[in-house]
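A structural walkthrough
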Amino acid sequence: MSPRTRPPFRADHVGSLLRPADLLAARDDHAHGRIDDRRLAEVEDAAVRDVVAMQRQAGLRTATDGEFRRTSWHMDFIYRLGGISPADEKIKVRFRNESGDLEFSTAALRVHDRVRLDETIFADHFRFLRDAAGEGVTPKLTIPSPNMVHYRGGPAAIDPEVYPDIEEFWSDLAAAYAEQVRRIAGLGCRYLQLDDTSLAYLNDPKQRAMIAERGDDPDHLHLRYIRQINAALADRPAELAVTTHMCRGNFRSSWTAEGGYDFVAEALFSELDVDGFFLEYDDPRSGGFEPLRFVPPGKTVVLGLVTTKRGELESKDELKRRIDEAARFVPLEQICLSPQCGFSSTVEGNALTADQQFAKLRLIAETAEEVWG
C-alpha cells in the first residue's frame, strides 16, 4: 500500500499528552507568584522539546506540543477570540467512568461583543513547535472547532443586543476562524486539527434532550455545525491538511456522552469538508463501524482503537482484527490508527503513566507499519 505523504498519517494521535511533573510544578509556582512568565516559558519550552523527541522516538511522523501551554483543550483558545469572555456563572459537566460520576466545573462563556480575531491565537506556540519538530516530522496544531463557542453556552450565552440576528453571529464566527486558519497556514502550518465534542455529543439522546430544553433544534443542529466548519475552511490553502476529532468527553479518564455516530454520520461524512476524521472506537459505548459506510472516496478515517483512559496495553492482534472489521465498511486504504482521544485534554491528565502513554503510541506506530507497510 502506498505510504501517506499528507496528513493524517497511518500512525497518528489526537494531540494532548500527559504533562510532566516539573511542568505541573512550574505552573503551580507561576500561579502563586513564585516564578515569573519568563521562567515558566523556559520550563514549557524544555518540556515541549522533550515531548516532540518522545513522539519521534515512538515512531510517529507528526508531533504536537502536547498542549503543554494550555489548561484545557478548548477554553484557552476560545477566550482569546475578540468579543468572548468568561461569564460570572459556572457551568457543571457530569463525567462518568467505571467507578461512578465525576463533576467538572468551569466558567461559562459570554459573547459580549462582535466576534472577531484580534490576534493569531497560538502563533507563538506553533512557531516553537515548528522549529522543534525537525526534519521528517510534521508539526500539528490543534484548536477547538467553531462549534464549541456555541455548544458550550447555547443561545443564552450570546448577547441579543450585540446579535439581534443570530445569523450575524454565525457569519462573524466563521470569518474569525477563517482568518485564524489563513494566518496559521502563513506560519507554515500544514496540519491543523479542529477538536469538537458537539458532533459526537449530538448522537446521544440525553444530549439532544438538553439541546431541546435550551431552545435549540436537536434534530438539525449538527447540520448547522457542519456548515459552520465548512465556512471557516472554505478558503484554506490546498497545502493545509485539516482533520477533526469528535470526542465524547475526556476528563481524568472519564467521559460524558455515549452512542455511535449513526445520528450524524450521513451528513457528517458526506458534507464536512475536512481531510480526515479522528473517531473514538475504544469501547462498546462508541458503537459499531456501520456509520463508516457513508465515508466517501478521498476522505480518511482515523480509528481511535487504543484507549487513553487506562494504562493497560491493547494487543496488536485485537487492533488488527478491529481494523479488518472497519474495512468491511470503508476501504483499508482510507483508514489510519490512533488513540481514541488525547491523553490529557485538561491539565490534570488521564489515569496512566508517561511510560504507558509511550507504549501506546509505540504500539500504534508498530501496528500501522505491519498493517499498511
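Preceding this paragraph is the structure being described.
Residues numbered from 1 in each chain as written. Predicted model: local features only at pLDDT ≥ 70, side-chain atom pairs only at ≥ 80, totals over all residues. Heavy atoms only, no water.

1. What about the overall build of the protein?
Note the cut-off: Starting at the N terminus, helices and strands are each numbered in turn, a helix being any DSSP run of H or I of at least four residues and a strand any DSSP run of E of at least two. Between the two quantities, the radius of gyration covers C-alpha atoms and the globule rule is 2.2 Å times the number of residues to the power 0.38. Each residue's exposure class comes from its accessible area (1.4 Å probe, protein chains only) as a fraction of the maximum for that residue type: buried when under 20%, exposed when over 50%, partly exposed otherwise. All accessibility values rest on the Shrake-Rupley procedure with a 1.4 Å probe; residue burial counts only the protein chains present in the view.
From N to C terminus, the protein includes 12 helices and 10 strands. In terms of C-alpha radius of gyration, the protein reaches 20 Å, essentially the compact-globule figure of 21 Å for 373 residues. For the protein, the spread of C-alpha atoms along the principal axes amounts to about 60 × 50 × 45 Å. Here the protein, with 373 residues, has 58% of them falling under the buried criterion. Carbon and sulfur atoms provide 48% of the accessible area of the protein, an area that totals close to 15100 Å².

2. Observations concerning the pattern of salt bridges
Here is the rule: Any Lys or Arg side-chain nitrogen found within 4 Å of a carboxyl oxygen on Asp or Glu counts as a salt bridge.
For the structure shown, the criterion picks out 31 salt bridges. Measuring nitrogen to oxygen at the nearest pair gives 2.8 Å for the salt bridge that ties Arg 34 to Asp 28. A salt bridge links Lys 316 to Glu 366, with the shortest nitrogen-to-oxygen separation between them at 3.3 Å. Within this pair, whereas Lys 316 is found in helix H11 (residues 316–326), its partner Glu 366 is found in helix H12 (residues 354–372), the two being separated by 50 residues in sequence. Each of Lys 316, Lys 320, Arg 362, Glu 366 and Glu 370 takes part in salt bridges that share partners, so that together they form one network.

3. Side note on the packing of H11 against H12
Just so we agree on the cut-off: For helices, the axis comes from a line fit to the C-alpha atoms of the stretch in contact; other axes are also lines fit to C-alpha atoms, and the angle between any two N-to-C directions lies between 0 and 180 degrees. Here roughly perpendicular refers to angles of 65 to 115 degrees, roughly parallel to angles under 35, roughly antiparallel to angles over 145, and oblique to all remaining angles. Two helices cross in a left-handed way if the nearer one is turned anticlockwise from the farther one by less than a right angle. They cross in a right-handed way if the turn is clockwise. By definition, residues are in contact when any of their heavy atoms lie within 4.5 Å.
At their nearest, the axes of H11 and H12 sit 10 Å apart, and the two run at 55° to each other. On the basis of the axis angle, H11 is oblique to H12. Regarding H11 and H12, the two cross each other, and that crossing is right-handed. Touching Lys 316, Leu 319, Lys 320 and Ile 323 of H11 are Leu 363, Glu 366, Thr 367, Glu 370, Val 371 and Trp 372, all from H12.

4. Some details on the environment of Ala 157
As for its placement among the helices and strands, Ala 157 is situated in the loop between helix H5 (147–153) and helix H6 (166–186). In this structure, the C-alpha to C-alpha distance between Ala 157 and Leu 109, residues 48 residues apart in sequence, is 6.4 Å. In contact with Ala 157, not counting residues within four places along its chain, are Leu 109, Arg 110 and Val 111.

5. Quick look at the packing of helix H1 (residues 21–31) against helix H2 (residues 37–58)
Two quantities define a packed helix pair, namely the angle between the helix axes and the distance between the axes. Keep this limit in mind: Under the scheme applied here, ten amino acids are nonpolar (Ala, Val, Leu, Ile, Met, Phe, Trp, Tyr, Cys and Pro), four are charged (Asp, Glu, Lys and Arg), and all others, including Gly, are polar.
At a closest axis distance of 10 Å, the pairing of H1 and H2 adopts a crossing angle of 165°. With respect to H2, the element H1 is oriented roughly antiparallel. As for the relative orientation of H1 and H2, their crossing is left-handed in sense. Judged by residue contacts, Asp 22, Leu 23, Ala 26, Arg 27 and His 30 of H1 engage Asp 37, Leu 40, Val 43, Glu 44 and Ala 47 from H2. Broken down by class, the residue content of the contact of H1 with H2 amounts to 5 nonpolar, 1 polar and 4 charged.

6. A look at the sheet that holds strand S10 (residues 335–339)
Filter applied, for reference: Two strands form a pair only when DSSP identifies at least two bridges running between them.
Spatial ordering of the open sheet is given by S5-S6-S7-S8-S9-S10, a layout of 6 strands whose pairing is parallel. Edge strands, defined here as strands with exactly one partner in the open sheet, are strand S5 (141–144) and S10. For this sheet the average axis-to-axis angle between neighbouring strands, irrespective of direction, equals 25°. Two strands pair when backbone bridges link them, and strand S7 (residues 241–246) and strand S8 (residues 276–280) are joined in this way by 4 bridges, in the parallel orientation. If you follow Met 246 over to S8, its bridge partner there is Leu 279.

7. Points about the nonpolar core
To be explicit about the condition: Side-chain atoms within 4.5 Å link the members of a nonpolar core, which is a set of buried Ala, Val, Leu, Ile, Met, Phe, Trp, Tyr and Cys residues.
Core analysis: the largest hydrophobic core is formed by 102 residues, its most contacted members being Leu 81, Phe 169, Leu 192, Leu 268, Leu 279, Leu 292 and Leu 303. Not counting chain neighbours up to four residues away, the residues in contact with Leu 292 comprise Phe 269, Leu 279, Tyr 281, Val 301, Leu 303, Ala 326, Phe 329 and Val 330.

8. Considering the side chain of Gln 228
Structurally, the position occupied by Gln 228 is in helix H9 (residues 221–233). Judged by relative accessible area, Gln 228 falls into the buried class, the value being 3%.

9. Points about the pairing of strand S6 (residues 191–196)
Within S6, 6 of the 6 residues are buried, leaving the element largely enclosed by the surrounding structure. In S6, alternate side chains face the same way, and those of Tyr 191, Gln 193 and Asp 195 on one face and Leu 192, Leu 194 and Asp 196 on the other are all buried. Pairing between S5 and S6: 4 bridges, direction parallel. Bridge pairing in S6 places Pro 144 opposite Asp 195. The sheet contact formed by S6 and S7 spans 6 bridges and is parallel. Counterpart to Gln 193 in the pairing with S7 is Thr 243.

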